[in-house]
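Overview (structure and organization)
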Amino acid sequence: MLTHIDCFSGPGGICTGLKAAGFTTLVAIEYIQSCVDTYSANHPDVHVIQSDIRKVSAEQILPYIPKDGVDLVTSGMPCETFSTAGNTSRSFYDDRQFLFREGIRIASIVNAKMILFENVPAITTKTTEKNNKTLVIDVLKNELCNAGYSNYIEISLSATDFGVPQRRKRYFILACKDSNTKLSAPKPNSKSEISVAEAFAGLPNVIPNSNKDETEYTGDDSAFSLLMKNDIFWKLPHKDSITYHHPMKHRSYTLKRFALLKPGESLKDLFDRYTGAERQQLQKDRILPKKMFIKRNYRLIESEPSPTVTSHCLDEFVHPIYDRALTVRECARLQSFPDSYDFRGGPYLTPHLHNNIQDKYEQIGDAVPPLLAYAWGKQIAEILGGLNNAC
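Since we're looking at a predicted model, the values are computed, not measured. (Residues numbered from 1 in each chain as written. Predicted model: local features only at pLDDT ≥ 70, side-chain atom pairs only at ≥ 80, totals over all residues. Heavy atoms only, no water.)

On to the overall build of the protein chain. When helices and strands are counted, the protein chain shows 15 helices and 9 strands. On C-alpha atoms alone, the protein chain measures out to a radius of gyration of 22 Å, which is about the 21 Å that the 2.2 N^0.38 rule sets for 391 residues. Along the three orthogonal principal directions, the C-alpha set of the protein chain runs to about 70 × 55 × 40 Å. (Helix = DSSP H or I, 4+ residues; strand = E, 2+ residues; numbered from the N terminus. Rg over C-alpha atoms; globule rule 2.2 N^0.38 Å.)

Applying the stated rule across the entire model yields 16 salt bridges. Between Arg333 and Asp339 there is a salt bridge whose closest N-O contact spans 2.8 Å. Residues Arg333 and Asp339 agree in their burial class; the two are buried. In the salt-bridge network here, residues are joined through shared partners; they are Arg167, Glu193 and Glu304. (Salt bridge = Lys/Arg side-chain N within 4 Å of Asp/Glu carboxyl O. Buried < 20%, exposed > 50% of the residue type's maximum accessible area, 1.4 Å probe, protein only.)

The next thing to look at is the sheet that holds strand S7 (residues 169-176). What holds strands together in a sheet is hydrogen bonding between their backbones, with the strands either parallel or antiparallel. Across the sheet, which stays open at both edges, the 7 strands sit in the order S3-S2-S1-S4-S5-S7-S6 with mixed pairing between neighbours. Either end of the sheet is taken by a strand with one partner, and the two such strands are strand S3 (47-50) and strand S6 (151-158). Between one strand axis and the next, the sheet turns through 15° on average, direction left out of account. By the bridge criterion, 6 bridges tie strand S1 (residues 2-7) to strand S2 (residues 23-30) in an arrangement that is parallel. Each residue of the ladder has a partner; that of Thr3, found in S2, is Thr24. Contacts from helix H2 (residues 33-42) reach S1, S2 and S3 within the one sheet, and its direction differs from that of S3 by about 175°. Across the sheet, helix H4 (residues 100-109) touches S1, S2, strand S4 (72-75) and strand S5 (114-119), and the angle it forms with S5 is around 165°. (Pairing = 2+ DSSP bridges. Axes fitted to C-alpha atoms, helices over the stretch in contact; angles between N-to-C directions. Contact = heavy atoms within 4.5 Å.)

Okay, the packing of aromatic side chains next. The final tally for this structure, using the stated rule, is 8 aromatic pairs. Consider the rings of Tyr244 and Phe343, whose centres lie 6.1 Å apart with planes at 80°: the pair is edge-to-face. Here Tyr244 is found in the loop between helix H8 (231-234) and helix H9 (252-260), whereas its partner Phe343 is found in the loop between helix H13 (328-335) and helix H14 (360-366), with 99 residues between them in sequence. Accessibility classification places Tyr244 together with Phe343 in one group, the buried group. Here the aromatic rings of Phe337 and Phe343 are separated by 5.4 Å at their centres, their planes lie at 80°, and the arrangement is edge-to-face. In this pair, the class of Phe337 matches that of Phe343, namely buried. Connected via pairs of aromatic rings, a cluster forms that spans Tyr244, Phe337, Tyr341 and Phe343. (Phe/Tyr/Trp six-rings, centres within 6.5 Å; stacked < 30°, edge-to-face > 60°.)

Let's shift gears to helix H5 (residues 136-146). Among the residues of H5, those classed as buried are Val136, Ile137, Val139, Leu140, Lys141 and Leu144. Those residues of H5 that are buried lie in contact with H4, S5, S6 and S7. At the C-terminal side of H5, Gly148 shows a positive phi close to 100°.

The next thing to look at is the state of the cysteines. Counted under the stated rule, the structure contains 0 disulfides. Cysteine Cys145 remains unbridged, with the sulfur of Cys176 as its closest cysteine sulfur at 12 Å. Under the relative-accessibility criterion, Cys145 is labelled partly exposed at 34%. Sulfur of Cys313: no disulfide; nearest cysteine sulfur belongs to Cys331 and is 3.7 Å away. (Disulfide = S-S within 2.5 Å.)

Spelled out as structure tokens, the structure:
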């Protein structure tokens, strides 16, 4: 049995992929209650510790750990201070950028053979302080070595290369205690990119403001949609109907704005297209807002993968065909969460002002795509097989 500890677990993206790859997650650590609710609903056999990871003690973990330790600890700490998505995000210099230490600490407590770190690629250029040239990533590597994990590789991977219908790049460090183990990253396994049309195959349209969930598949499938419904592959309980395909509420002027968008266009394009008196009239009618947001109301292109799904995905994406935002299930498809995945906790929507709750869209957007985690799981299982045979 391959064993795993899930730090900063979120709603369970990594656990879901690793489970399909043959891992057994023993303990998960997560601070946000809504993510804990979702995690526990889908992975009831995992002991979930809801806590600030800095307060988690060895006594809380070790009763669930084999005497000889675990195979893998994963640590996908929050990426807000590393992301380049916001104008001020990289100006933050606080203790969150050193939370990687908790992944190393937990790995030492459970005597983990390997650690897998995940974050945005911009982590590699973030300094520890303003006007200081010391990089956070160099501190991380030094502390890995000090903890005995001096054998490591680092790599950035694109989710589209692993069957995820989304252009999402992530940076990884895989570290091992055994200095003789040859480490390697998963090789791309997708011959072609999965498009939005393939991702949404079989999902019916929903009508905004109708309050009618659509629960029946259309029967039109793609290889990707069949995989999302393959609960044997995912090792999850089977569900026959669609869940969380709930119509959103849109004001009439918002629907008119969506109707102006062509595939591949966003709110910025509408501001570029409509100028002068024409723009002023659209703003007076509230079809265009007073302020232009660059990452807002992007109409997806059917024949291409989506851009990166973030915690703001409800505001950022418009359906490629219909004049509406995406449903929770459609966002989950773009992240490669299986259709049987149950998103508990929190309302559908909540203002991005709360640090202790995430709505369903936020949970999905902040997760690691399960298919990307699955690729790592298969690769690490192969490495561990060689390591165990050597022992």
